[in-house]
Amino acid sequence: MIALEEAQAKVNRDLAVLPPADIPVSEALGMVLAETVAADEAIPPFANTAMDGFAVRAADTAGASKESPIALPVVATIAAGSVAPRPLAAGEAMRIMTGAPVPEGADAIIMVELTKPAGFDVDIMAEVPAGNHIRPAGDDIAKGAEILHPGTILGPGHLGVLASLGRMAVRVYRRPRVGVMSTGDELVEGPEPLQPGQIRDSNRVTLLSLAKEAGFEPVDLGLIRDDEKAIERALRTGVATCDAVITSGGVSMGDFDYVKAVLTRLGEFSWMQVAIKPAKPLVFGLLDETPVFGLPGNPVSSMVSFELFARPGLRRMMGRLDAERPRIQAIADEPMKRHRDGKTHFSRVFVTEDESGRRRARLSGGQGSHQLMAMATANGLAILPNGEGVDAGDTVEVIYFE
Ligand code: AMP
Ligand code: MG
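Now for a look at the structure at hand.

What counts, and at which threshold
- Residues numbered from 1 in each chain as written.
- Chains lettered and ligands numbered in written order.
- Predicted model: local features only at pLDDT ≥ 70, side-chain atom pairs only at ≥ 80, totals over all residues.
- Heavy atoms only, no water.
- Helix = DSSP H or I, 4+ residues; strand = E, 2+ residues; numbered from the N terminus.
- Buried < 20%, exposed > 50% of the residue type's maximum accessible area, 1.4 Å probe, protein only.
- Contact = heavy atoms within 4.5 Å.
- Areas by Shrake-Rupley, 256 points an atom, 1.4 Å probe, with all protein chains shown as cover.
- Lys, Arg positive; Asp, Glu negative; His and termini not counted.
- Charge placed at Lys NZ, Arg CZ, Asp CG, Glu CD.
- Polar contact = N/O pair within 3.5 Å; in protein donor to acceptor, adjacent residues only side chain to side chain.
- Pairing = 2+ DSSP bridges.
- Axes fitted to C-alpha atoms, helices over the stretch in contact; angles between N-to-C directions.

Time to look at the overall build of the chain. From N to C terminus, the chain includes 7 helices and 28 strands. Seen along its three principal axes, the alpha-carbon backbone of the chain occupies a region of about 95 × 50 × 45 Å. Considering the chain as a whole, with its 402 residues, one finds that 47% of them fall into the buried category. In the chain, the proportion of contacts linking residues at least 24 apart, taken out of those at least 6 apart, comes to 70%. Split by element, the accessible area of the chain, about 18,800 Å² in all, is 53% carbon and sulfur. Averaging the coordinates of the 40 positive side-chain charges in the chain and doing the same for the 53 negative ones gives two points 5 Å apart.

Written out as structure tokens, the structure reads:
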């Protein structure tokens, strides 16, 4: 058996960040920026009003109050998206809506709540200082400013900033296309009654969904028989069309575990017995320069193996510096016992927060590697190092699925 860290290092050694590409801003959510973005326009592009109200000269409001309002003639109305027909002169007011450009000659906005209509005039009921409620040009982003840097994970707000600058495309590290196939003669798809010995393929939809959730582009490579030729064909198609391929099943010690056999014959592959439970066997290497992860078939094992090897490695390929899941400390709410077997155990747990803000972990169900329900309801994996496990009240470290 080899240590988890050693297996992870072996995987990461073979993975390189994908080359940057220009992609539409509308598709860039969660991707990592590969350029420095400078603003070639000021945002906002012109001085505008933050309030619905009246554009005035601040000096014309001097001494105004509710008790002794100052009446100013309303000489124009400026909607957002339009401009004033002429400059504002001393002693005048213009009705103005939020976002509309402040007319030349005006230096303050008085909000509508501090005014009252008076025929063709408006009664100004408060004194306002120069600059009142005016958002100057460049108040958000100055023209020429370097605003976004390589390595930034693009969130919805970043995409809005790019859109406000008129950018249609952005240079990012590509999302890996991740092909997923299931292998096994016992597997069937769909609702038909099961024949003796058959089960339904659950790994494929799970792994495709994990890939999607992690920010990759999932590609379904189908359900493949335990047949060397069929496996080889599917792998060749996979590596020709994807940036990485994930298989499940066929990497253990069984007589029909052909994935391991085919991969080690076709390329530089390591078959590892990792000192972890679940998910001990792992085949990893490059086929035609494309990484292939041969994950074990048991449903929980394939998910845990994805979490420990594929997810962090593939996130690094898309340039994400936050490749790893966060690890948190939690109080074990019940004993999590195990026996000494030289492996690190990953127990499926559900973490909650108690009234005093402490995190508490409970086992989410049966801990067999076939018991997918406990994984489905878990929000973390408690790390139990080689030893006897923990008692209720002890602290455990948890890989947290947020
Ligand atoms: P294997 O790694 O191929 O020996 O499979 C180990 C266990 O996982 C067996 O009980 C398989 O039936 C089961 N298994 C393998 N692949 C899948 C799959 N895609 N969906 C559900 N169970 C699977
Ligand atoms: Mg199998």
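Turning our eyes to something else, we now look at the environment of glutamine 8. Position of glutamine 8 among the secondary structure elements: in helix H1 (residues 4–13). Owing to a relative accessible area of 18%, glutamine 8 belongs among the buried residues under this scheme. Taking the C-alpha atoms as reference points, glutamine 8 and threonine 152, 144 residues apart in sequence, are found 25 Å from one another. In contact with glutamine 8, other than residues within four places in its own chain, are Leu308 and Phe309. In terms of polar contacts, glutamine 8 uses its side chain to reach the backbone carbonyl oxygen of leucine 308, at 3.0 Å.

Burial in helix H3 (residues 203–213) covers these residues: Asn203, Arg204, Thr206, Leu207, Leu208, Leu210 and Ala211. Those residues of H3 that are buried lie in contact with strand S13 (177–183), strand S16 (217–224), strand S17 (244–248), strand S21 (290–295) and helix H6 (299–317). Immediately downstream of H3, the backbone of glycine 215 shows phi near 100°, a positive value.

Strands sit in the order S16-S13-S17-S21-S20-S18 across an open sheet of 6 strands; the sheet is mixed. Strands at the two margins of the open sheet, each flanked by one partner only, are S16 and strand S18 (268–273). Direction aside, the axes of adjacent strands within the sheet are offset by 15° on average. Where S18 lies against strand S20 (residues 281–287), 6 bridges are found, and the strand directions are antiparallel. In the sheet register, serine 270 faces S20, and the bridge partner there is phenylalanine 284.

Right, let's talk about unusual backbone geometry for a bit. Of the consecutive residues isoleucine 43 and proline 44, the connecting peptide bond is found in the cis state with omega at -10°. Examined against the element boundaries, proline 44 turns out to sit in the loop between strand S2 (37–38) and strand S3 (48–49). The linkage connecting lysine 277 with the following residue, proline 278, adopts the cis geometry, with an omega of 0°. Within the element layout of this structure, proline 278 appears in the loop between strand S19 (276–277) and S20. Its identity as a non-glycine residue notwithstanding, glutamate 289 has a phi of 70°, on the positive side. With respect to the element layout, glutamate 289 can be found in the loop between S20 and S21. By relative accessible area, glutamate 289 is classed as exposed at 73%. For glutamate 402, which is not glycine, the phi dihedral falls at a positive 45°. Within the fold, glutamate 402 resides in the segment after strand S28 (395–400).

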